[in-house]
Amino acid sequence: MKDIKDLSFDEWKAELVQIGQPAFRAGQIFDWIYKKGATRFEDMTNLGRDLQEKLGRAYIVGTLELFGVFRSKDRAEKYVFRLHDGPRIESVLIPAGGRATVCVSTQVGCKFACAFCASGRHGFVRHLAPSEIVGQVLFLRDHIDMALTNIVFMGMGEPFDNYENLVKAIVILNSPHGLGIAARRMTVSTAGIIPGIERFKKLGLQVNLSVSLHATSDAQRSALMPLNKKYPLGKLLAACENYLKEGGRKITLEYVLLKKVNDTAEDAFHLARIAARLKAKINLIPFSPVIGLPFEVPEEGRVLDFRRKLEDKGVPVTLRHSKGRDIQAACGQLALLERNPSDRLFRCAPK
Ligand code: SF4
């Protein structure tokens with residue numbers, strides 16, 4: 001059966017007309033799903049019994065099954081969901097300074113095997129459907145005590161490797177008939193899929209773009225991010241420049257700091273030059289330990305020194321300490337765990 005949450009509003013309207021229903025029903029049904037949180041046609045009381053039954057025979061309103069919630073001392077919360085066919089994905093809620101950002105997954109696993117990332121360690125399983133991407137946001141909206149303000153597509157998976165479903169999800173999240181979340185409050189984070197950056201610009205959406213750089217030379221970047229062999233730094237930076245020239249919003253560069261790997265004075269010098277060229281802001285993220293990975297967390301002094309070197313060159317920098325270290329919040333880690341790993345795992349009672 002088809003999941004209505006896989007369809008944009010226009011697609012759903014066309015589908016309803018095709019089965020002989022007036023177009024205004026599309027608005028009523030989206031209203032039930034996205035504004036009132038209904039998941040059963042029999043609860044959509046203004047549809048009439050016949051239509052409820054007809055829809056129930058052909059469609060579902062899919063929901064995600066919660067596997068568990070990990071709550072961190074620093075208020076980050078990690079939600080692990082079990083998909084209908086078994087694999088798990090995760091979303092992270094990050095409350096900070098009056099904002100509540102949710103970081104959502106776009107794939108189960110990932111093809112790109114970045115050396116510092118948990119998601120890439122066990123390979124790729126499958127793409128998430130639009131309903132499964134949107135479903136993460138919907139679940140959090142309905143189960144937390146604060147309003148979601150921002151969405152980042154930065155969880156498990158590479159968003160541009162699941163381009164069509166990502167864009168469909170963004171359209172649904174953005175639509176006034178869907179969740180009505182402003183495009184400027186959404187950010188897509190890519191490891192550097194150049195065709196994705198080019199297509200994304202042509203869409204003309206006001207969604208923010210962030211590019212995971214993590215290294216400033218091809219040799220270093222290819223060692224950390226094998227994807228760089230296919231989309232080398234020079235071409236990636238040129239694609240970012242074109243993106244900006246064609247009217248794309250400012251780019252943020254993500255840079256995970258790995259002790260004595262990419263946090264030297266020389267790295268800071270080259271990173272500052274790249275940021276200046278792209279007029280980009282840099283998000284510095286001190287590495288969050290991942291079980292079984294050989295990287296170390298840089299000391300606070302080293303991190304602050306790196307930041308100062310960038311700021312001295314006039315580069316805007318945000319230092320984003322990884323939230324939720326005590327719940328292993330680095331992307332992909334919880335979804336890989338086979339069983340409840342500790343008493344920090346709670347079954348979530350609906351609020
Ligand atoms: S950092 Fe992103 S692209 Fe790289 S392996 Fe992890 S999820 Fe995939």
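Sequence order as written defines residue numbering, which begins from 1 separately in each chain. Per-residue local features of the predicted model are confined to residues with pLDDT of at least 70, and side-chain atom pairs are confined, for both listing and counting, to 80 or more; whole-chain, interface and lining totals are unaffected and use all residues.

### Some remarks on the overall build of the protein chain
Only runs of H or I of at least four residues qualify as helices and only runs of E of at least two qualify as strands under DSSP, and these elements are numbered from the N terminus. Secondary structure summary: the protein chain contains 12 helices and 15 strands in total. When the backbone C-alpha atoms are referred to their principal axes, the protein chain occupies close to 70 × 50 × 35 Å. Three exposure classes are used, based on other C-beta atoms lying within 10 Å of a residue's own C-beta, which is placed from the backbone: buried for 20 or more, exposed for 12 or fewer, and partly exposed in between. Buried positions account for 42% of the 351 residues belonging to the protein chain. At a minimum sequence separation of 6, the contacts of the protein chain that also span at least 24 residues come to 67%. Residues are scored as being in contact if the C-beta atoms we place from backbone atoms lie within 7 Å.

### Re the domain arrangement of the protein chain
Size of an interface: often given as the accessible area lost when the parts come together. Residue ranges assigned to the domains are those given by an automatic or database domain assignment. Each domain of the protein chain was delimited in the assignment, giving domain 1 (2–60) and domain 2 (67–346). Each of domain 1 and domain 2 has a C-alpha centre, and these two points are 34 Å apart. With 3 residues, helix α2 (residues 24–35) is the largest single contributor of residues to the side of domain 1 that touches domain 2. Each residue gets one label: Ala, Val, Leu, Ile, Met, Phe, Trp, Tyr, Cys and Pro are nonpolar, Asp, Glu, Lys and Arg are charged, and the others, such as Gly, are polar. Among the residues forming the side of domain 1 that touches domain 2, the class breakdown is 3 nonpolar, 3 polar and 3 charged.

### Comments concerning the site of the ligand
Within the structure, the ligand sits among 11 residues, and C110, C114, C117, G120 and A191 are positioned closest to it. Residues that form the shell around the ligand fall into these classes: 7 nonpolar, 3 polar and 1 charged. Residues are counted as near a molecule or strand when the C-beta atom, derived from backbone positions, lies within 6 Å of that molecule or strand.

### Examining the environment of E246
Structurally, the position occupied by E246 is in the loop between α9 (233–245) and β12 (251–257). For E246, a count of 11 C-beta atoms within 10 Å puts it in the exposed group. The spacing of E246 and V61 is 185 residues in sequence and 38 Å in space, taken between C-alpha atoms.

### Re the packing of helix α1 (residues 9–18) against α2
Running from amino to carboxyl end, α1 crosses α2 at an angle of 125°, the nearest separation of the two axes being 8 Å. Judged by the inter-axis angle, α1 sits oblique to α2. Every pair of crossing elements has a handedness; the one defined by α1 and α2 is right-handed. Judged by residue contacts, F9, W12, K13 and L16 of α1 engage R25, A26 and F30 from α2. Each residue belonging to the contact of α1 with α2 can be placed in one class, and the counts come to 5 nonpolar, no polar and 2 charged. What counts as an axis is a line fitted to C-alpha atoms, over the stretch in contact for a helix, and the angles between N-to-C directions run from 0 to 180 degrees. For this classification, under 35 degrees means roughly parallel, over 145 means roughly antiparallel, 65 to 115 means roughly perpendicular, and everything else is oblique. Less than a right angle of anticlockwise turn of the near helix away from the far helix marks a crossing as left-handed, whereas a clockwise turn marks it as right-handed.

### Describing the packing of α9 against helix α10 (residues 265–278)
Two elements in contact, α9 and α10, have axes whose closest approach is 10 Å; the angle formed by their N-to-C orientations is 30°. In terms of orientation, α9 and α10 fall into the roughly parallel class. Residues L237, C240, E241 and L244 of α9 form the contact with α10, whose own contacting residues are I274, R277 and L278. When the residues that make up the contact of α9 with α10 are grouped by side-chain class, the tally is 5 nonpolar, no polar and 2 charged.

### A closer look at the nonpolar core
In terms of nonpolar packing, the biggest core is built from 74 residues, with V137, L173, Y255, L257, A275 and I282 touching the most fellow members. Once residues within four sequence positions are removed from consideration, A275 is found in contact with L253, A280, I282 and V315. Counting residues in hydrophobic clusters, the runner-up holds 15 residues, among them L7, Y34, F41 and Y59. Think of a nonpolar core as buried Ala, Val, Leu, Ile, Met, Phe, Trp, Tyr and Cys residues chained together by C-beta atoms that fall within 7 Å.

### Remarks on the environment of Q206
Structurally, Q206 can be placed in the loop between α6 (194–203) and β11 (208–212). Those residues in contact with Q206 that lie beyond four places of it in its chain are A183, R184 and R249.

### Regarding the pairing of β11
With 4 of its 5 residues buried, β11 lies for the most part within the structure. A strand pair is defined by DSSP finding two or more bridges across the two strands. Sheet topology places strand β10 (residues 186–190) next to β11; 4 bridges connect them, and they run parallel. Considered in β11, the bridge of V188 is made with L209. Read as a crossover between parallel neighbours, the route from β10 over α6 to β11 is right-handed. With 4 bridges connecting them, β11 and β12 associate as parallel partners. For S212, the partnering residue across the bridge sits in β12 and is E254. Throughout, right-handed denotes a crossover for which the path from the first strand over the helix to the second runs clockwise when the strands point away from the viewer.

### Topic: unusual backbone geometry
Even without glycine at this site, R75 takes up a positive phi of about 80°. The topology assignment puts R75 in the loop between β3 (65–71) and β4 (77–82).

### Some details on the environment of D74
Looking at where D74 falls in the secondary structure, it is placed in the loop between β3 and β4. Of the residues examined, D74 has 16 C-beta atoms within 10 Å and is grouped as partly exposed. C-alpha separation for the pair D74 and A96, spaced 22 residues apart in sequence, amounts to 9.6 Å.

### Concerning α6
Here α6 has its buried residues at I194, G196, I197 and F200. Burial along α6 is one-sided: seen end-on, the buried residues are contained in an arc of 160°. Across α6 from its buried face, at more than 90 degrees, point the exposed residues P195 and K202. At its buried positions, α6 is contacted by α5 (163–174), β10, β11 and α9. At the C-terminal side of α6, G204 shows a positive phi close to 70°. Of all possible arcs, the one meant is that of the directions from the helix axis to the C-beta atoms.

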